[in-house]
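Inside the fold
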Amino acid sequence: MNEHRPEDTGPAASPEAPRRKLDAGSLRGLAHPLRMRLLDELRLNGPATSARLSERTGESTGTISWHLRHLAEHGFIEEEPGRGTKRERWWRAVRGAIVLAAADFDQDPAARAALSVYQAENLRRQYQRVADSLAADWQGEWHGTGSISDWSNLRLTPVQLQALIDELAAVVTRHTPDPDAAPDPAARPVIVQIQALPRKDPDRP
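Treat the numbers as computed from the prediction; the structure is a model and nothing was measured.

What counts, and at which threshold
- Residues numbered from 1 in each chain as written.
- Predicted model: local features only at pLDDT ≥ 70, side-chain atom pairs only at ≥ 80, totals over all residues.
- Heavy atoms only, no water.
- Phe/Tyr/Trp six-rings, centres within 6.5 Å; stacked < 30°, edge-to-face > 60°.
- Lys NZ or Arg CZ within 6 Å of the ring centre and 35° of its normal.
- Helix = DSSP H or I, 4+ residues; strand = E, 2+ residues; numbered from the N terminus.
- Contact = heavy atoms within 4.5 Å.
- pLDDT = per-residue confidence, 0-100.
- Axes fitted to C-alpha atoms, helices over the stretch in contact; angles between N-to-C directions.
- Parallel < 35°, antiparallel > 145°, perpendicular 65-115°, else oblique.
- Nonpolar A, V, L, I, M, F, W, Y, C, P; charged D, E, K, R; others polar.
- Expected span 1.5 Å × (residues − 1).
- Core = buried A, V, L, I, M, F, W, Y, C linked by side-chain atoms within 4.5 Å.
- Buried < 20%, exposed > 50% of the residue type's maximum accessible area, 1.4 Å probe, protein only.
- Polar contact = N/O pair within 3.5 Å; in protein donor to acceptor, adjacent residues only side chain to side chain.
- Salt bridge = Lys/Arg side-chain N within 4 Å of Asp/Glu carboxyl O.
- Pairing = 2+ DSSP bridges.

**Considerations on the packing of aromatic side chains**
Each aromatic ring pair is summarised here by two numbers: the centre-to-centre distance and the angle between the ring planes. Applying the stated criterion across every chain yields a total of 0 aromatic pairs. Sitting over the face of the ring of Phe76, Arg20 holds its NZ or CZ atom 4.3 Å from the ring centroid. Over the face of the ring belonging to Trp90 we find Arg83, whose NZ or CZ atom lies 3.6 Å from the ring centre.

Written out as structure tokens, the structure is:
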């Protein structure tokens, strides 16, 4: 199974945008619930200091700083240039999509353990984003917008399934605004989640 986590502030899934495929080392560097949350915070809400991230997460600034340094060592975040001081460092997410090919770690037990943590936390965070949206009190034209859909009766070959995934990703890319363009005042952040997975058939091994 492949996973693709596009950057939340730009067209990371486009052919021109940088893509980072996780290897065993970078996977172990990212596969921690707090580090994944910190990376999401920086991607979704922009640059921040350890103090600001501490307020958002409820963790101590010392713990946040340690995990931020870990993310930086593995190239997931970097310091915001021209901002901050020696005592207050501003961090930003490195632009680009994170791509994971689970089959790459079939022969690496240590990486498989990190893969399990990464996938479980990624799934939990996806669920939480949807739950938060459903629980929010939307007003005006945003009330009743959105969709949760499920098509479970498709029968496809592996090649057809991959083609479907690629086409869906291309559609999202076409609707992703240029990160350098001025945002529409009427626009809000939008969550798009696509899960396309084979389902076990009770009549087949």
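**Details of the side chain of Ser54**
Following the sequence through the fold, Ser54 ends up in helix α3 (residues 50-57). Look past the residues within four positions of Ser54 in its chain and what remains in contact with it is Glu59, Ser60, Thr61 and Ile64.

**Brief notes about the confidence of the model for the chain**
The predicted model of the chain has a mean per-residue pLDDT of 88, with 91% of residues at 70 or higher. A low-confidence stretch, residues 6-15 stays under pLDDT 50, and its non-local contacts, those more than four residues away or across chains, total 27 contacts.

**Description of the packing of helix α2 (residues 33-45) against α3**
Where α2 meets α3, the axes come as close as 11 Å, and the angle between the chain directions of the two elements is 105 degrees. Classed by the angle they form, the pair α2 and α3 counts as roughly perpendicular. Within the contact between the two elements, α2 uses Arg37, Leu38, Glu41, Leu42 and Asn45 and α3 uses Leu53, Arg56 and Thr57. Residues of the contact of α2 with α3, tallied by class, amount to 3 nonpolar, 2 polar and 3 charged.

**Section: α2**
Look at α2: 18 Å from first C-alpha to last across 13 residues, which is about the 18 Å you get at 1.5 Å a residue. Among the residues trailing α2, Gly46 stands out with phi positive, at a value near 90 degrees.

**Side note on the nonpolar core**
If you look at soluble globular proteins, the nonpolar side chains tend to sit buried side by side. Core analysis: the largest hydrophobic core is formed by 26 residues, its most contacted members being Leu30 and Tyr118. Among the secondary structure elements, those contributing two or more residues to this core are α1 (24-30), α2, α4 (61-73), β5 (89-93), β6 (97-101) and α5 (109-135). At 5 residues, the largest contribution of residues to this core is made by α2.

**Observations regarding the side chain of Glu80**
Tracing the chain through its elements places Glu80 in strand β4 (residues 77-84). Among the polar contacts listed, one links the side chain of Glu80 to the side chain of Arg92, at a separation of 3.4 Å. Look past the residues within four positions of Glu80 in its chain and what remains in contact with it is Pro47, Trp90, Trp91 and Arg92.

**Looking at the pattern of salt bridges**
Taken as a whole and judged by the stated rule, the model has 10 salt bridges. Across the pair Asp104 and Lys21 runs a salt bridge, and its minimum N-O distance is 3.2 Å. In this pair, Asp104 is assigned in the loop between β6 and α5 and Lys21 in strand β2 (residues 19-21), connecting sequence segments 83 residues apart. Between Glu121 and Arg124 there is a salt bridge, and its shortest N-O distance comes to 2.9 Å. Taken as a pair, Glu121 and Arg124 lie in helix α5 at a separation of 3 residues, close to a single helical turn. On the basis of relative accessible area, Glu121 is assigned to the buried category, the value being 8%. We classify Arg124 as partly exposed; its relative accessible area is 40%. Among the ionic contacts, a cluster of salt bridges with common partners joins Asp40, Arg125 and Arg129.

**Comments concerning the pairing of β6**
Of all 5 residues that make up β6, 5 are buried, and the element is covered over most of its length. A two-sided burial pattern is seen for β6, the buried positions comprising Ala97, Val99 and Ala101 on one face and Ile98 and Leu100 on the other. Across 3 bridges, the pairing between β2 and β6 is parallel. From the neighbouring strand, Arg19 faces β6, where its bridge partner is Ala97.

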